[in-house]
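Each chain is listed here by its residues.
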Amino acid sequence: MLGVRKRLGPAINMGGGLLLVGAAGYVFVALAGHTMPPADAAALASLYLVVNIVGPGVFSALEQETSRSVSAEAAAGRGPGTVARHAWLLACGLMVVLLVLLGAVSPVLTDRAFGGRWGLFAAVVVSVFAAAAVHLVRGLLGGLQRFTGYSATLAGEGVARIVPCVLIAWFATPDATTFALVFAAGQVLGAVIGLLWLRPKPALPAEVTAAAPVTVGGMGRSVSLLVGGTLLMLVVMNVGPVVVTSRMTWDAAAAASFVSAFVLARIPLFLFAPVQAMLLPSLTRAAVAADFAAVRARLRLIVLAVLAIGLPAVLASFTIGPWAVQVLFGAEVRLPGTVVGLLGVSTVGMMAALVLQPGLIALGAHKSVTAAWLAGTVVLAGLLALPGDPIRAGVIAQLVSAAVVVAVMVRAVSTSLRRGKADPAPAGDTVVTG
């Protein structure tokens, strides 16, 4: 019993933290809708989307590369200090680039998305600093395999957003700027809490000494590739409903039902999110140690876990999915079971891609990550433009693009493992020989 608890405890903690983060988003949007005028509520909903695109779209790449680099250094018997310094430099560089880009689009963004509310744009700027801090801390924690601390950063972020928003709505006169700033700054508490788990601990004996030390240039090139891959991933995962809705102006009710079905089908992705953070460090250490049998075995096991989680979800999508869309989302149009079910199948493909991606990063195949999502984006764009029924085009596009991403990743992983060695990281900062 204790052994099972020890193995499952980190995953349960991660899941609990993610639920708090998800609940915080729901509370923020719901409170805005119930306490604000419609124009303010719409502007805050736009802010929610912008904040969640900017943070995960850019700084999750820094998190993954930091985790990989820390794991590689640990496998060579070195501490995380050098990686932490490089990561802070890269975080500052990413923040400067983002702030310049946001400044360039600020008039359009503020006018069209935020209804002229510059206080909301200020909240976006705050979110850039907060996201940089929390994702960097999570990268260090993940690489050190301190998953309790990682979970605490998620919980802290959720609580820091939920509690102030509820208190403001209950005791004060809510205004859009205050709500926006509270939500944007929530990740700061997550970062501060994570620092408590980054206190130095006794170093473990060196396992491998073949890996060259990590360089800031190497990490920078890796992060740039992963930023591109992450942004393309967000396109593949989210743009379909937007295009379908824009093409179905004559039937807004059916388009809304499709969007609701899409959101429902994507729920397993949210529940599966902790896998990447927990999988990458162990795969990296195995790759640096040239234990490619372990890399292969772990990837095989996690793909089986994807099927174990995904197949029941697919079955539910085919059978009760249309009913659930109407009951849970109030959809006016009942979609065929095949539409909801096939969206569920595409979600399983996305889940497989999300667990293959850490394998590629661990093997130093960052370019393959970007190439896979680029291929999926090209296919998605082409199929979404198919003539005829937009919903049919949307379903086909999601299915085929997911299959393409997985196929490219599987081929890249197989190629690296067949060679009997991991490809060098894009920067050449880690070289592993069998």
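The structure displayed is predicted, hence computed values, not measured ones.

Chemist: I'm lost on the overall build of the protein in this one. Help?
Modeler: Each helix and strand in the protein was counted, giving 15 helices and zero strands. In terms of C-alpha radius of gyration, the protein reaches 22 Å, essentially the compact-globule figure of 22 Å for 434 residues. Along the longest, intermediate and shortest principal axes, the C-alpha atoms of the protein span 60 × 50 × 45 Å. Within the protein, the fraction of its 434 residues that count as buried is 51%. A separation of at least 24 residues holds for 81% of the contacts in the protein among residues at least 6 apart in sequence. Accessible area of the protein: about 18500 Å², with a carbon and sulfur share of 72%.

Chemist: Looking at this structure, I do not really get the environment of H366. What am I missing?
Modeler: Mapping H366 onto the fold places it in helix α14 (residues 366–384). Assessed through its relative accessible area of 0%, H366 is described here as buried. Separated by 251 residues in the primary sequence, H366 and G115 have C-alpha atoms spaced 39 Å apart. A polar contact of 2.7 Å, which involves the side chain of H366, links it to the side chain of E65.

Chemist: What's the story with the side chain of S401 in this structure? I'm lost.
Modeler: Looking at the element boundaries, S401 is found in helix α15 (residues 390–418). Overall, the relative accessible area of 0% leaves S401 in the buried class. Polar contacts involving the side chain of S401 include one to the main-chain carbonyl oxygen of A397, which spans 2.7 Å. Setting aside chain neighbours within four positions, we find S401 in contact with V236, G376, V379 and L380.

Chemist: How should I be thinking about the nonpolar core in this particular structure?
Modeler: General note: in soluble globular proteins, nonpolar side chains tend to be found buried as a group. Judged by nonpolar contacts, the single largest core of 91 residues is most densely connected at L44, L47, F59, L62 and W373. Here this core gets twelve residues from one element, more than from any other, and that element is helix α2 (residues 38–75).

Chemist: Explain the pattern of salt bridges here, please?
Modeler: Oppositely charged side chains are able to pair whenever their charged atoms sit close together. Inspection of the entire model under this criterion finds five salt bridges. For E65, the salt bridge goes to R68, with nearest N and O atoms at 2.8 Å. One end of the pair is E65 and the other is R68, both in helix α2 and three residues apart, which spans about a single turn. In this structure E65 comes out as buried when scored by relative accessible area, which is 0%. The shortest N-O distance in the salt bridge between E157 and R138 comes to 2.7 Å. On the criterion of sequence distance, the pair formed by E157 in helix α5 (residues 147–171) and R138 in helix α4 (residues 118–143) is long-range, its members being 19 residues apart. As far as the burial class goes, E157 and R138 line up, both buried.

Chemist: Please clarify how unusual backbone geometry should be interpreted in this entry.
Modeler: Residues apart from glycine generally show negative phi values, whereas peptide bonds are mostly found in trans. Of note, Q145 is a non-glycine position whose phi angle comes to about 60°, a positive value. Its place among the elements puts Q145 in the loop between α4 and α5. A positive phi is found at A290, a non-glycine position, where the angle reads about 60°. Tracing the backbone shows A290 in the loop between α10 (274–288) and α11 (292–319). Exposure remark for A290: the relative accessible area of 23% places this residue in the partly exposed category.

Chemist: Please explain α4 as it appears in this structure.
Modeler: One full turn of an α-helix is made of 3.6 residues, so residues set three or four places apart face in the same direction. With 26 residues, α4 should reach 38 Å at 1.5 Å per residue; the first-to-last C-alpha distance of 38 Å fits that figure. Across the 26 residues that make up α4, a large majority, 21, are buried. Once α4 ends, the next one or two residues include Q145, with phi positive near 60°.

Chemist: Please explain the packing of aromatic side chains as it appears in this structure.
Modeler: The description of an aromatic ring pair uses the distance of the two centres, along with the angle that the planes make with each other. For the structure shown, the criterion picks out four aromatic pairs. Centroid distance Y48 to F183: 5.7 Å. Interplanar angle 50°. Geometry classified as tilted. Highlighted residues: Y48 in helix α2 and F183 in helix α6 (residues 176–196), separated in sequence by 135 residues. Sitting over the ring of F183, R161 keeps its end group 3.9 Å from the ring centre.

Chemist: Looking at this structure, how should I read the confidence of the model for the protein?
Modeler: Interpreting fine coordinate detail is not advised for predicted regions of low pLDDT. Per-residue pLDDT for the protein averages 85, and the proportion of residues at 70 or more is 91%. The secondary-structure element of the protein with the lowest mean pLDDT is helix α9 (residues 267–272), recorded at 70, while α14 shows the highest, at 95. Counted against residues more than four places away or in other chains, residues 422–434, with its pLDDT under 50, gives 49 contacts.

Chemist: Honestly, a nonpolar patch on the surface in this entry has me stumped. Any pointers?
Modeler: Taken together, the side chains of L20, V159, V163, L167, W170 and F171 define a hydrophobic patch exposed on the protein surface, amounting to about 640 Å² of accessible area. For the nonpolar patch, the leading source of residues is α5, giving five residues. On the secondary structure map, V159 appears in helix α5. Overall, V159 belongs to the partly exposed group, its relative accessible area being 37%.

The rules behind these values
- Residues numbered from 1 in each chain as written.
- Predicted model: local features only at pLDDT ≥ 70, side-chain atom pairs only at ≥ 80, totals over all residues.
- Heavy atoms only, no water.
- Helix = DSSP H or I, 4+ residues; strand = E, 2+ residues; numbered from the N terminus.
- Rg over C-alpha atoms; globule rule 2.2 N^0.38 Å.
- Buried < 20%, exposed > 50% of the residue type's maximum accessible area, 1.4 Å probe, protein only.
- Contact = heavy atoms within 4.5 Å.
- Areas by Shrake-Rupley, 256 points an atom, 1.4 Å probe, with all protein chains shown as cover.
- Polar contact = N/O pair within 3.5 Å; in protein donor to acceptor, adjacent residues only side chain to side chain.
- Core = buried A, V, L, I, M, F, W, Y, C linked by side-chain atoms within 4.5 Å.
- Salt bridge = Lys/Arg side-chain N within 4 Å of Asp/Glu carboxyl O.
- Expected span 1.5 Å × (residues − 1).
- Phe/Tyr/Trp six-rings, centres within 6.5 Å; stacked < 30°, edge-to-face > 60°.
- Lys NZ or Arg CZ within 6 Å of the ring centre and 35° of its normal.
- pLDDT = per-residue confidence, 0-100.
- Patch = residues over 30% accessible without salt bridge, like charges linked within 9 Å, V, L, I, M, F, W, Y side chains within 5 Å.

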